[in-house]
Amino acid sequence: MAIIKAQKGTKDILPADIGLWHFMEKTALDIFSRYGAKEIRTPIFEATELFARGVGDTTDIVNKEMYTFEKSERSLTLRPENTAGVVRSFIENGMHRLSAPVKLWYKGPMFRYERPQAGRQRQFHQVGVEVFGIKQPTADAEVIFMATNYLKALGLNNLSVEINSLGCPDCREIFKSKLKEVLKPYLSEMCPDCQTRYEKNPLRLLDCKVPECNEIYAKPEIQSVIQSDFICDDCSSHFEELKTYLNELKIDYSINKLLVRGLDYYNRTVFEIKSNSLGSQNAVCGGGRYDSLVKNLGGEDTPAIGFAMGMERLAALLNEKMEYKTHAFVISNNSLEAIKLTEEVRNAGFSCEFDLTNKKFVKQLEKASKVAKYALILGEDEIAQNKVTVKNLETSEQKTVNRDSKFFI
RNA sequence: GCGCCUGUCGUCAAGUGGUCAAGACCUCGGAUUGUGGUUCCGAUAUGCAUGGGUUCGAAUCCCAUCAGGCGCCCCA
């Protein structure tokens, strides 16, 4: 009979890798807590409309990548990202009445119907942070600190931070129309993708990889528009203040004027953190400010900023195996005594196992050396004297001690 | 949705039309009569993703399907 396999783009996280995931999750709790962030867990599925209104119905994520299904005449969707869900919960639970800022973090699976490739799955995991209620750039800085400190705590150093400001809706519209105007004469020479982007999201034109397009965009009159500081005075001073904080705190970053991001809700600050050892899906973190999303979803007008990180991509960079070893393995040909001692050690708070099949001494020791740090040898002599021989399986040191002493620590 | 590549034991892998489909690791059994990870012996694919086709003969050639990898698009 044919076996049933995991679905395309989904993966098991096996015991051999789970240590790494526990490490990422524990570090998230540890680091984000230092900033006063609290974990929130929202449902895996939400009303489809939440994503259409929240993420934006012109985005690819909403247009072609959602897992949507009908149940009891409702249209439901497996969350493709978690900002919309967290915002929904923020509004629904009246969190705007909590003392600002409200700092939330989350981790969990997300679902996007895409062609899988390196660093991209259909079910993948994100860990992210959202900070609500602060319009000042101090929040932008703090969110970027949270991201960089988390990555540092994981032991990831060779990552580059890129930032940009998209401006507010007003100044962005002016920039968009300027850009479209200067590009209009070349529209017919651009690649088909760029022609649709020209209408849909002109800002995205700029990081096209087709050589012909790049030639066009390299023209002086177009570069002068791209490189111009189009953002208004308020947006500009917000961005300058953020840069001051990053400079003073010695965060290594660069400004990428082409950094746009694909979700509709961003304004002002956007940022990405990239690795150069991940192939083409190289962003481990993406985030930005979304000051109008809470209001657009029906809540009180509340500024907000956040980020999300792809945990599979982090795991790919953290290639160390963190396999758990059992603390102790009891070796004895007396099953009853082995059970008793094993339970004693477990009750003292340590992981412990014994050979359930009562194999020969040598086999038990061999098994112990594979799975445990210590062997607790309980032979005829030890039982008779109420003792146990404790052997360190890495150093081979061993000593025989009284059974009731704290030998296992 | 598009392009390129791949699919042999749990894992890595040899084999490119004609002996019983190498080998290694893992796993399991045994030997060495209480000391392993670093000894020795043995077991483990009538099967080469699946379904068709070509051929006297196919894991090896062809087609389709499925799955995987990489890239485009997009994104974490």
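Small disclaimer: the values here were computed from a predicted structure and weren't measured. (Residues numbered from 1 in each chain as written. Chains lettered and ligands numbered in written order. Predicted model: local features only at pLDDT ≥ 70, side-chain atom pairs only at ≥ 80, totals over all residues. Heavy atoms only, no water.)

1. A look at the packing of aromatic side chains
Stage number 1. Taken as a whole, this structure holds 11 aromatic pairs when the rule is applied.
Stage number 2. On the basis of an interplanar angle of 85° and a centroid distance of 6.4 Å, the ring pair of F132 and Y290 is categorised as edge-to-face. You can see F132 sitting in strand β6 (residues 123-132) and its partner Y290 sitting in the loop between β10 (283-289) and α11 (293-296), a full 158 residues away along the chain. For the pair formed by F132 and Y290, the shared burial category is buried.
Stage number 3. Joined through ring pairs, the aromatic side chains of F32, W105, Y150, F271 and F307 make up one cluster.
Stage number 4. Note that R122 overlies the ring of Y113, its terminal NZ or CZ placed 4.1 Å from the centroid.
Stage number 5. The residue whose ring lies beneath K180 is Y198, and the NZ or CZ to ring-centre distance is 5.4 Å. (Phe/Tyr/Trp six-rings, centres within 6.5 Å; stacked < 30°, edge-to-face > 60°. Helix = DSSP H or I, 4+ residues; strand = E, 2+ residues; numbered from the N terminus. Buried < 20%, exposed > 50% of the residue type's maximum accessible area, 1.4 Å probe, protein only. Lys NZ or Arg CZ within 6 Å of the ring centre and 35° of its normal.)

2. Let's talk about the domain arrangement of chain A
It is common to give the size of an interface as the accessible area that goes away when the parts come together.
Stage number 1. Split into domains, chain A comes out as domain 1 (15-168 + 231-318) and domain 2 (326-402).
Stage number 2. On a C-alpha basis, the centroid separation for the pair domain 1 and domain 2 is 48 Å. (Domains from an automatic or database assignment.)

3. Quick notes on the confidence of the model for chain A
Stage number 1. Looking at chain A, pLDDT values average 89 and 96% of them are 70 or higher.
Stage number 2. At the low end of the mean pLDDT range in chain A sits helix α8 (residues 211-217), at 74; at the high end sits strand β1 (residues 38-39), at 98.
Stage number 3. Predicted as a complex, the structure gets a pTM of 0.88 and an ipTM equal to 0.83. (pLDDT = per-residue confidence, 0-100.)

4. A look at the side chain of K391
Stage number 1. Secondary-structure assignment places K391 in strand β15 (residues 387-392).
Stage number 2. Buried charge K391 goes without a salt bridge, the closest partner of opposite sign being E397 at 10 Å.
Stage number 3. Side chain to side chain, K391 and Q398 meet in a polar contact 3.4 Å long.
Stage number 4. Aside from chain neighbours lying at most four places away, what touches K391 is L365, K373, Y374, A375, I377, S396, E397 and Q398. (Lys, Arg positive; Asp, Glu negative; His and termini not counted. Salt bridge = Lys/Arg side-chain N within 4 Å of Asp/Glu carboxyl O. Polar contact = N/O pair within 3.5 Å; in protein donor to acceptor, adjacent residues only side chain to side chain. Contact = heavy atoms within 4.5 Å.)

5. Regarding the pairing of strand β12 (residues 326-331)
Stage number 1. Of all six residues making up β12, six are buried, and the element is well covered by its neighbours.
Stage number 2. Bridge analysis of β12 against strand β14 (residues 372-377) gives five bridges, and the strand direction is parallel. Residue pairing for β14: F329 is matched across the bridge by A375.
Stage number 3. The pairing of β12 with strand β13 (residues 352-354) spans three bridges and is parallel. Looking at the pairing, A328 lines up with C352 of β13. (Pairing = 2+ DSSP bridges.)

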